[in-house]
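# Descriptive analysis of the structure
Given next are the chains, with one letter for each unit.
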Amino acid sequence: MASTGASGSDGKGQGVAKSVTYYRLEEVAKRNSSKEIWLVIHGRVYDITPFLNEHPGGEEVLLEQAGADASESFEDVGHSIDAREMLKQYYIGDVHPNDLKPESGSKLLVILDFTHHRRCSLRLPISLLYFGKQVLLRRSY
Ligand code: HEM
């Protein structure tokens, strides 16, 4: 079943709260035919039923992804900015947070973040070594 939640507010009563409908993946998976076709792309759920006959890449590729997470195949094709804009009109909600899995892009971010922290944590000992060397050099003159 779908559930709703609020997002888009800054929590201070200034923003306009937008209500988001959350869908479980098992619910999306049921919409897997040409009569009703839903897809997940980057954690968002799209009802693309009216788009099926209009897709420039053909119906077949969409039916292959019906009811599933099509993020990877959508990106593999290298869709244009126009195609990404078109997505908006078919948006119906987000994947329920309990069903979200990290995407490959975020794996890269974790690795980059890790190396960044390693570099930062090495900075202090290296500075201390350099400073110590300078002190010793001065003493030896
Ligand atoms: C529902 C979301 C989708 C929308 C709005 C969409 C839209 C479009 C558009 C506008 C094009 C024309 C080229 C461009 O502007 O990039 C296109 C081409 C294409 N799309 Fe999609 N598409 C969607 C999903 C998918 C998925 C899931 C696949 C899976 C493989 C796919 C495969 C293709 C292919 C193979 C082409 C032809 C590319 C070419 O001939 O160069 N599309 N799509």
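Keep in mind the model is a prediction, meaning the values are calculated, not measured. (Residues numbered from 1 in each chain as written. Predicted model: local features only at pLDDT ≥ 70, side-chain atom pairs only at ≥ 80, totals over all residues. Heavy atoms only, no water.)

## Regarding the overall build of the chain
Going by this rule: Where helices and strands are cited, they refer to DSSP runs of H or I of at least four residues and of E of at least two residues respectively, numbered from the N terminus. With a 1.4 Å probe rolled over the protein chains alone, any residue whose accessible area is under 20% of its type maximum counts as buried; one over 50% counts as exposed, and the rest are partly exposed. It only takes one pair of heavy atoms within 4.5 Å for two residues to be counted as in contact.
Per the secondary structure count, the chain includes 5 helices and 5 strands. Taking all 141 residues of the chain together, the buried fraction comes to 23%. Taking as baseline every contact in the chain between residues at least 6 positions apart, the subset at least 24 positions apart corresponds to 57%.

## Observations regarding the coordination of the iron atom of the ligand
This is how the line gets drawn: For Na, K and Ca the donor cutoff is 3.2 Å, while for all other metals N, O and S atoms count as donors only within 2.8 Å; water does not appear among the atoms, so some sites may look incomplete. Square planar and octahedral assignments, for four and six donors respectively, both demand that opposite donors be over 155 degrees apart and that all other angles lie between 65 and 115; tetrahedral needs four donors with all angles between 85 and 135 degrees, and anything else is irregular.
Distances from the iron atom of the ligand to its protein donors, His55 (NE2) and His79 (NE2), fall at 2.0 Å. Taken together, the 6 donor atoms surrounding the iron atom of the ligand define angles of 88 to 179° at the centre, an arrangement classified as octahedral. Placement of the pair is His55 in the loop between strand E4 (44-47) and helix H2 (59-65) and His79 in the loop between helix H3 (71-77) and helix H4 (81-87), with a sequence separation of 24 residues.

## Topic: the environment of Glu27
The topology assignment puts Glu27 in helix H1 (residues 25-30). In the structure, Glu27 is positioned 69 residues away from His96 in sequence and 10 Å away in space, judged by C-alpha atoms.

## Some details on the packing of aromatic side chains
For the record, the criterion: Pairing of aromatic rings covers Phe, Tyr and the six-membered ring of Trp, with a centre-to-centre limit of 6.5 Å; geometry is then stacked below 30 degrees between planes, edge-to-face above 60, and tilted otherwise.
Across all of its chains, the model carries 3 aromatic pairs by this definition. Aromatic pair Tyr46 and Tyr91: ring centres 6.1 Å apart, planes at 65°, arrangement edge-to-face. Of the two residues, Tyr46 is situated in strand E4 and Tyr91 in strand E5 (residues 91-95); the sequence distance between them amounts to 45 residues. Judged by centre distance (5.3 Å) and plane angle (40°), the ring pair of Phe51 and Tyr90 falls under tilted. Of this pair, Phe51 sits in the loop between E4 and H2 while Tyr90 sits in the loop between H4 and E5, placing them 39 residues apart in sequence. In this structure, Phe51 and Tyr90 share a single accessibility class: buried.

## Points about the site of the ligand
To be explicit about the condition: Nearness of a residue to a molecule or strand requires only that one of the residue's heavy atoms be within 4 Å of it. Here a polar contact is taken to be a pair of N or O atoms separated by no more than 3.5 Å, where protein atoms must pair a possible hydrogen donor with a possible acceptor and residues adjacent in sequence count only if both atoms sit in side chains. Three residue categories are used. Nonpolar comprises Ala, Val, Leu, Ile, Met, Phe, Trp, Tyr, Cys and Pro, charged comprises Asp, Glu, Lys and Arg, and polar comprises the others, including Gly.
Phe51, His55, His79, Ser80 and Leu87 are the nearest of the 17 residues found near the ligand. Side-chain polar atom of His55 to a nitrogen atom of the ligand: 2.8 Å apart, as the coordinates give it. His79 is positioned such that a nitrogen or oxygen atom in its side chain is 2.8 Å from a nitrogen atom of the ligand. Elements that contribute at least two residues to the shell around the ligand include exactly H2, H3 and H4. Here the shell around the ligand is built from residues that sort into 12 nonpolar, 5 polar and no charged.

## Structural notes on the UniProt feature "domain: Cytochrome b5 heme-binding" (unreviewed entry) in the chain
In plain terms, the rule: UniProt positions are given in the numbering used here, feature names are shortened, and annotations may be inferred rather than shown by experiment.
Here the UniProt-annotated "domain: Cytochrome b5 heme-binding" (unreviewed entry) positions come out as residues 20-96. End-to-end, the C-alpha atoms of residues 20-96 are 10 Å apart, and along that stretch the chain is 35% helix and 22% strand.

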